[in-house]
Amino acid sequence: QQQVKQSPQSLIVQKGGISIINCAYENTAFDYFPWYQQFPGKGPALLIAIRPDVSEKKEGRFTISFNKSAKQFSLHIMDSQPGDSATYFCAASHLGGSEKLVFGKGTKLTVNP
Amino acid sequence: DTAVSQTPKYLVTQMGNDKSIKCEQNLGHDTMYWYKQDSKKFLKIMFSYNNKELIINETVPNRFSPKSPDKAHLNLHINSLELGDSAVYFCASSQSDLEGDTQYFGPGTRLTVL
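Notes on the structure follow. (Residues numbered from 1 in each chain as written. Chains lettered and ligands numbered in written order. Predicted model: local features only at pLDDT ≥ 70, side-chain atom pairs only at ≥ 80, totals over all residues. Heavy atoms only, no water.)

Observations concerning the overall build of chain B
- In terms of regular secondary structure, chain B is built from 0 helices and 11 strands.
- Reading the secondary structure of chain B in the N-to-C direction produces β-β-β-β-β-β-β-β-β-β-β.
- A principal-axis box enclosing the C-alpha atoms of chain B has dimensions of 45 × 25 × 25 Å.
- Here chain B holds 114 residues, and the buried ones make up 44% of them.
- Considering only residue pairs separated by 6 or more positions, chain B has 54% of its internal contacts joining residues 24 or more positions apart.
- Entry remark: accessible area of chain B is about 5900 Å², with carbon and sulfur atoms responsible for 49%.
- Looking at charge distribution, chain B has the averaged site of its 12 positive side-chain charges lying 9 Å from that of its 13 negative ones. (Helix = DSSP H or I, 4+ residues; strand = E, 2+ residues; numbered from the N terminus. Buried < 20%, exposed > 50% of the residue type's maximum accessible area, 1.4 Å probe, protein only. Contact = heavy atoms within 4.5 Å. Areas by Shrake-Rupley, 256 points an atom, 1.4 Å probe, with all protein chains shown as cover. Lys, Arg positive; Asp, Glu negative; His and termini not counted. Charge placed at Lys NZ, Arg CZ, Asp CG, Glu CD.)

Quick look at the structure:
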């Protein structure tokens, strides 16, 4: 049973455009929602994360939007750059619980120059 | 300084062989993990150790055996390798607090079974 559903599987955006990746979760016990960025040949690295007490978190060009009632969260990349081309994973977990970090299936983002 | 390191980076071997992958973290974290990433990039947790104690053991063939000699090291031994074991294996470590549970991943070990 996939607990975190991520879409789209792949995304092509022009330089300067907005990239949007969506995730939906099922387990209402989840209270920590990070996004990881993975470049080819590298391990995933934390990009930005949000707790459910806020609806939005912004760090530079990256924003997480969180909708608790819909059990959905999304990553927005403003002014997308070719250097943002990578695979992005959403994830969810229950801090302090026995729940492990559950990853979405990933979105391969390509930003064309 | 490398936070989470793995050796080897590449591993090519024949079916039926036994191999090990080593992982070390110098972050002082209490929890370490092994993940498998298949050709479709799907990340699947295999094991998790907290202070040398196994806390997560997903549905993984018992040919896979993790060993944690101390909390800075988590090794993965694989017996009787099969073609389907070909993947990239990532080690990670984390330290939970009230703000989050950032996992720091190693560079990965690409295992190819021929």
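Quick notes on the interface of chain B and chain A
- Counting from both sides, the interface comprises 21 residues of chain B and, opposite them, 16 residues of chain A.
- For the pairing of chain B and chain A, the buried interface totals around 1500 Å² over both sides, and the portion due to carbon and sulfur atoms is 60%.
- Applying the counting criterion to the chain B and chain A interface returns 2 residue pairs in polar contact (both at pLDDT 80 or more).
- Where the side of chain B that touches chain A is concerned, the elements lending two or more residues are strand E4 (31–37), strand E5 (43–50) and strand E10 (103–105) of chain B.
- For the side of chain B that touches chain A, the per-class residue count stands at 9 nonpolar, 5 polar and 7 charged. (Buried area = accessible area lost by both parts, 1.4 Å probe. Polar contact = N/O pair within 3.5 Å; in protein donor to acceptor, adjacent residues only side chain to side chain. Nonpolar A, V, L, I, M, F, W, Y, C, P; charged D, E, K, R; others polar.)

A closer look at the pairing of E4 of chain B
Residue and element names in this part refer to chain B.
- Counting buried residues in E4 gives 6 out of 7 residues, a clear majority hidden from the surface.
- The sheet contact formed by E4 and E5 spans 7 bridges and is antiparallel. In the sheet register, Tyr 33 faces E5, and the bridge partner there is Ser 48.
- Here E4 folds back onto E5 in antiparallel fashion, the turn holding 5 residues, of which Lys 41 has a positive phi close to 75 degrees.
- Sheet topology note: the E4/strand E9 (residues 87–94) ladder contains 7 bridges and is antiparallel. Across the sheet, the residue bridging to Trp 34 is Cys 91, located in E9. (Pairing = 2+ DSSP bridges.)

All quantities given are derived from atomic positions and should not be read as evidence of function.
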